[in-house]
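# Structural overview for review
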Amino acid sequence: MATQFIYPFTYGDRTKSDLLGGKGANLAEMVRIGLPVPPGFTITTEACREFLSTGKIPATLQAEMDVALKELEKSLGKEFGNPAKPLLVSVRSGAKFSMPGMMETVLNVGITPEVAQALGEQTGNPRFAWDSYRRFIDMFGRTVCNVPVSEFHRIEARILAHFGVASIQELTVEGLQALAEGYMHETESITGKPFPTDPREHLIRSVEAVFLSWNSERANVYRRRERIPSDLGTAVNIQCMVFGNLSEDSGTGVAFTRDPSTGSKGSYGDYLERAQGEDVVAGIRNTMSLAEFADRSPVVAGELDSVMALLEDHYRDLCDIEFTVEKGKLWILQTRVGKRTAEAAFRIATQLVDEGKISMEEALVRTSGDQLAQLMFPQFDLAAGFKEIARGIPASPGAAVGEVVFDSRRAFDLARGGKKVILVRRETSPDDLVGMVASEGILTSRGGKTSHAAVVARGMGKTAVCGTESISVDERANLFTAENLTVYEGETISIDGTTGSVYLGTVPVIASPVTSYLEGRLSASSDEASKVVKAVDRVLCFADEIRTLQVRTNADTPEDAIRARILGAEGVGLCRTEHMFLGPRRSYVERLVLAENEHVQHGVIAEMEPLQRADFVGIMMAMSGLPVTVRLLDPPLHEFLPPLADLTAQIARAEALGEEVPARDQAIFAAVKRLHEANPMLGLRGVRLGILIPELYQMQVRALVHAYLEVKKLGHNPKPEVMIPLVATQRELLYLRETLEAEIKKTFVGTGQSIDIPIGTMIETPRAAITADRLGNYADFFSFGTNDLTQLTWAFSRDDVESTFLPRYMDLELLPFNPFESLDQAGVGILVRNACELARTVRPDFKLGICGEHGGDPRSIHFFHELGLDYVSCSPFRVPVARLEAGRAKVLKTAEDSASA
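Quick summary incoming for the structure in this document. Values in this document were obtained by computation on a predicted structure and should not be read as measured data.

### Digging into the overall build of the protein chain
When helices and strands are counted, the protein chain shows 35 helices and 33 strands. For the protein chain, the C-alpha atoms occupy an extent of roughly 105 × 70 × 55 Å along the three principal directions. Buried positions account for 55% of the 901 residues belonging to the protein chain. For the protein chain, the share of sequence-separated contacts (at least 6 apart) that also reach a separation of at least 24 residues comes to 68%. Carbon and sulfur atoms make up 51% of the accessible area of the protein chain, which totals about 37500 Å². Computing the positive centroid from 96 side-chain charges and the negative centroid from 120, the protein chain places the two 3 Å apart.

### A few points about a nonpolar patch on the surface
On the surface, Phe-805, Tyr-809, Leu-812 and Leu-814 cluster together into a nonpolar patch covering about 360 Å² of accessible area. Mapping Leu-812 onto the fold places it in the loop between α32 (806-811) and α33 (828-842). Residue class for Leu-812 comes out partly exposed when judged on its relative accessible area of 44%.

### With respect to helix α15 (residues 369-376)
Every α-helix winds through 3.6 residues per turn, so residues three or four apart in the chain are directed the same way. With six of eight residues buried, α15 lies mostly within the body of the structure. Of the positions making up α15, those classed as buried are Gly-369, Gln-371, Leu-372, Ala-373, Leu-375 and Met-376.

### Overview of the sheet that holds strand β20 (residues 471-474)
One key point about sheets: their strands pair by backbone hydrogen bonds, in either a parallel or an antiparallel sense. Overall, antiparallel pairing links the three strands, which are arranged β20-β21-β22 in an open sheet. The open sheet has two edge strands, β20 and β22 (485-488), and neither has a second partner. On average, each strand axis in the sheet is tilted by 20 degrees relative to the strand beside it, whichever way the strands run. Sheet analysis places β20 next to strand β21 (residues 479-482), joined by four bridges and oriented antiparallel. When the sheet's bridge partners are listed, Ser-472 is paired in β21 with Thr-481.

### Digging into the side chain of Ser-783
Mapped onto the elements, Ser-783 comes out in strand β31 (residues 781-784). Not counting residues up to four positions away in its chain, the partners in contact with Ser-783 are Met-723, Thr-761, Met-762, Ile-763, Gly-849, Ile-850, Cys-851 and Tyr-871.

### Looking at the pattern of salt bridges
Taken as a whole, this structure holds 52 salt bridges when the rule is applied. A salt bridge links Arg-576 to Asp-556, with the shortest nitrogen-to-oxygen separation between them at 3.1 Å. Taken together, the residues span a long stretch of sequence, with Arg-576 in strand β27 (residues 572-576) and Asp-556 in the loop between β26 (550-554) and α21 (558-566) at a distance of 20 residues. For Arg-576, a relative accessible area of 17% translates into the label buried. Given a relative accessible area of 8%, Asp-556 falls into the buried group. Three or more residues are tied together by salt bridges with common partners; here these are Arg-258, Lys-265, Glu-312, Asp-313, Glu-355 and Lys-357.

### So, the environment of Ala-464
Within the secondary structure layout, Ala-464 lies in strand β19 (residues 463-466). Judged by relative accessible area, which is 0%, Ala-464 ranks as buried. When the C-alpha atoms of Ala-464 and Val-532 are compared, they prove to be 26 Å apart, with 68 residues separating the residues in sequence.

### Some remarks on the sheet that holds strand β7 (residues 234-240)
If you walk across this open sheet you meet the five strands as β1-β2-β7-β5-β6, and the pairing is antiparallel. In the strand order of this sheet, the two ends are held by β1 (6-8) and β6 (105-109), each with one partner. The average angle at which neighbouring strand axes cross in this sheet is 20 degrees, direction not considered. Where strand β5 (residues 89-95) meets β6, three bridges bridge the pair, whose relative direction is antiparallel. When the sheet's bridge partners are listed, Val-91 is paired in β6 with Val-106. This element, helix α3 (residues 61-76), spans β1, β2 (40-43), β5 and β7 of the sheet and lies at about 165 degrees to β2.

### Overview of the packing of aromatic side chains
Under the counting rule described, the total for this entry stands at 17 aromatic pairs. Ring centres 6.0 Å apart and planes at 80 degrees place the aromatic pair Tyr-708 and Phe-748 in the edge-to-face group. Taken together, the positions of Tyr-708 in helix α27 (residues 694-713) and Phe-748 in helix α28 (residues 730-748) put the pair 40 residues apart, joining distant regions of the chain. With centroids separated by 4.6 Å and ring planes inclined at 45 degrees, the aromatic side chains of Phe-782 and Phe-846 adopt a geometry described as tilted.

### Details of unusual backbone geometry
Of all residues except glycine, most have a negative phi; of all peptide bonds, most are trans. At Glu-483, a position not held by glycine, the phi torsion is positive, near 55 degrees. Within the element layout of this structure, Glu-483 appears in the loop between β21 and β22. Phi is positive for Leu-726, which is not a glycine, with a value near 60 degrees. Structurally, Leu-726 can be placed in the loop between β29 (719-724) and α28. Judged by relative accessible area, Leu-726 falls into the buried class, the value being 2%.

### Quick look at α3
Taking 1.5 Å of rise per residue, 16 residues should cover 22 Å, and α3 covers 22 Å from first to last C-alpha, within 8% of that figure. Those residues of α3 hidden inside the fold are in contact with β1, β2, β3 (79-80), β4 (86-87), β5 and α8 (199-213). Positive phi shows up at Gly-77, right after α3, with a value of about 70 degrees.

### A few points about the nonpolar core
Counting 129 residues, the largest nonpolar core has Val-514, Leu-696, Ile-724, Phe-782, Phe-784 and Leu-869 as the members making the most contacts within it. If one sorts the elements of this core by residue count, α27 sits on top with 11 residues. With sequence-adjacent residues up to four places away left out, Ile-724 is seen in contact with Leu-632, Val-687, Leu-733, Leu-736, Arg-737, Leu-740, Ile-759, Gly-760, Thr-761 and Met-762. If you look at the next biggest cluster of nonpolar residues, it comprises 60 residues, including Phe-140, Leu-171, Met-184 and Ala-209.

### Comments concerning the environment of Arg-833
When you line up the elements, Arg-833 lands in helix α33. For Arg-833, a relative accessible area of 30% corresponds to the partly exposed category. Placed 31 residues apart in sequence, Arg-833 and Phe-864 show a C-alpha to C-alpha distance of 9.0 Å. Here Arg-833 is in contact with Phe-863, Glu-866 and Leu-867, once residues within four sequence places are set aside.

### What about the packing of helix α31 (residues 786-794) against α33?
Relative to each other, α31 and α33 sit at 120 degrees, their axes nearing to 10 Å. Taken as axis vectors, α31 and α33 run oblique relative to one another. Of the two possible hands of crossing, α31 and α33 adopt the one that is right-handed. Of α33, the residues touching α31 (which contributes Leu-789, Thr-790, Thr-793 and Trp-794) are Val-828, Leu-831 and Val-832. Looking at the contact of α31 with α33, its residues break down into five nonpolar, two polar and no charged.

### Examining the packing of helix α23 (residues 598-622) against α27
Look at α23 against α27: their axes get within 8 Å of each other, and the N-to-C directions meet at 40 degrees. For the element pair α23 and α27, the recorded crossing hand is right-handed. Contacts between α23 and α27 involve His-602, Ile-605, Met-608, Glu-609, Gln-612, Arg-613, Phe-616, Val-617, Met-620 and Met-621 from the first element and Glu-695, Leu-696, Met-699, Gln-700, Arg-702, Ala-703, Leu-704, His-706, Ala-707, Tyr-708, Glu-710 and Val-711 from the second. A class-by-class count of the residues in the contact of α23 with α27 yields 13 nonpolar, four polar and five charged.

### Considerations on the pairing of strand β24 (residues 501-504)
Strand direction decides the pairing type here: strand β14 (residues 388-391) and β24, joined by three bridges, are antiparallel. Residue pairing across strands places Arg-391 opposite Ser-501, the latter belonging to β24. As judged from the four bridges shared by strand β23 (residues 492-496) and β24, these two strands associate in the antiparallel manner. Along β24, the bridge assignment pairs Ile-495 with Val-502. As consecutive antiparallel partners, β23 and β24 are separated by four residues, and within that stretch Gly-500 has a phi angle of approximately 85 degrees, a positive value.

Criteria and cut-off values
Residues numbered from 1 in each chain as written. Predicted model: local features only at pLDDT ≥ 70, side-chain atom pairs only at ≥ 80, totals over all residues. Heavy atoms only, no water. Helix = DSSP H or I, 4+ residues; strand = E, 2+ residues; numbered from the N terminus. Buried < 20%, exposed > 50% of the residue type's maximum accessible area, 1.4 Å probe, protein only. Contact = heavy atoms within 4.5 Å. Areas by Shrake-Rupley, 256 points an atom, 1.4 Å probe, with all protein chains shown as cover. Lys, Arg positive; Asp, Glu negative; His and termini not counted. Charge placed at Lys NZ, Arg CZ, Asp CG, Glu CD. Patch = residues over 30% accessible without salt bridge, like charges linked within 9 Å, V, L, I, M, F, W, Y side chains within 5 Å. Salt bridge = Lys/Arg side-chain N within 4 Å of Asp/Glu carboxyl O. Pairing = 2+ DSSP bridges. Axes fitted to C-alpha atoms, helices over the stretch in contact; angles between N-to-C directions. Phe/Tyr/Trp six-rings, centres within 6.5 Å; stacked < 30°, edge-to-face > 60°. Expected span 1.5 Å × (residues − 1). Core = buried A, V, L, I, M, F, W, Y, C linked by side-chain atoms within 4.5 Å. Parallel < 35°, antiparallel > 145°, perpendicular 65-115°, else oblique. Left-handed = near helix turned anticlockwise from the far one by under 90°. Nonpolar A, V, L, I, M, F, W, Y, C, P; charged D, E, K, R; others polar.

See below:
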């Protein structure tokens, strides 16, 4: 039996969006509940998919369209293409997921010069008829024949000048005819073919154009951004035209049942007299508000209010409605659940709960962690019209303003003196940490969302724009250029980490009341701000009540731990001890690795111990009563040793000049050459360093025990945990566990106290993931380090791929998303799932967590909830986001389980 490709609007309901697309399903729903919808039919998404796969209209589609048109003609008493009783239709896209403005529309299909002439006579309004005709020629030329819009604008300017008017709305019938003729001639000139005259050819080619628009550049970009699958295709809706440009009591508009910007109750929208739908969206004429519309047309406005109330009650959500008024008669052209800002999402969700329309579970699902993050970041107020000078990768959201500085130490000094600075670098390294901490934000010309600058900035809640390839940074000359503009050190710039935009000068910043509230320093400056704060708090508290996934934080300093706890963290899931030795402390690790003998090495370790102890004291005090998981040192050597290339150049320069190279420099050069690694991320780091220098890890657990005793003595309740990094075999783990347990036991001797400090391991190598049952015999817990696990599974260099081939892979849809941003559930996720299952064969209640970048990613959190992990750990700023998403994951999984039961 042949596939049916066409269904009338009387078929189906809003649940049929897979087949009918979102618009078609909603049209069917509105017909079902009795709203005034112009009749028509929907060509299914299946037809589009067949067209896209074969490049041809499905063989049976034309015949189905003929039958559907006949039914439409019969119901209306009109005929398609017949001037005596003309039927005109619109051809509109309608994908399953709303993609507003991304695909094509053609209005007034079926009109010809003969039909236009007859319409003018029948309505007594020839201007309306020829206006409709020129609109069709315009849209058909641009959409179907690919005439550049600039060419039509050129023709418009010539015609307007000839008739001495300022706008198309002022043209007479003669002017409109001339404009349509100009469009037609230009179309013929560009296509090299006569403009088609058969309305049925117009219709089928318009359908083809809508199908093709599914793969337009803007549609592809939008789908990638919204993560809409590229294989869904779009439906096409053929709908009888109603004319908002027919008379003075005709018009078209868009209405929202609540304010989509703030969430405030009441109807919002725009209306335009004597217009068709695209006029409102195009913004070529000033519209009137719905309140003004009600003053002019109170009866129709009252009908619209009733429709809006009915639709919102029916959909139990904010509705976006397109409508047309034809000679005082209201027609509803489409509706959909309206897109809204983050603020509106939270406010509307809680309003609907109070109105008894949805439950708190539904309210939680209708908000998202991404929306909460948007509300937490400061934002620029661009009303002043600042010009963008460059755009990079939005690596860490927020809005930052400051003086340009190119050196990290200078940034630190200026910030300490009270200056606000933006650190600008080609790329950052661990040595830049001091300047990054001091800066308001970071701007780099290289790198991506998982580069050093991006990862560190997100961890600190700092604004960062990375990979800004349009700027050239000259750190020696203390300037950067953006096209013809040169920006010098000391000049002020503003960077937007949410959009990636860079501005010259001080763009005013709008503070986030949500962040102030979450951090315990509420200063809502307006009623609207206080309302959104209350809505966020209400949804977030409910998420905390129902979620089963705990949320810890990644914190390397007491300050980070304090901030994270205020934001709701339930412990530290990752304390990266190597980060404690960046910046001014970097020399300790360098001296440790380059030590010429064990005696010197032990001396360095002894110097490090009191520093570690003080850090641990501060963090455990901040997290009193909550677990603190300390990852033992895992320093990739290239982040701590002088670059071999630089040392080689220095030695060669000295030798060429006949200068004597100091013995210390020669020793450092020899040591760096000896320790140089082609791929440091796979070299001497993590557990391997602890095995080669066992005293190092012994020192760390000794410092941890002493810190525990000190914090305990101060009346707090420390709960330390030890985590061994980069383990691949159970022998490595057993060897170090025995060593560390012995050191812990020895350190407690004579103190009168003793506790069992849990010792676990990170799962960040594929081998560890597939042998997790063996490792589980020697570990008290696992924490998945998904950054390295992703890197090692994909054979991607995390530091390089975002600036090389990854963007192209995503453009070609070889990758649907960046696997360092959101967990690759089909690949890396299988390793995580396997490790969880193997661990639970060792102990059913084996404690499992995740501490990679993915711990704060909303989509990944849902996967971790499904696996039954005990906790996720993320940067302090992402803690509220993870709390919200953990609650959403619980609601959605419960609903899924109930549906499949």
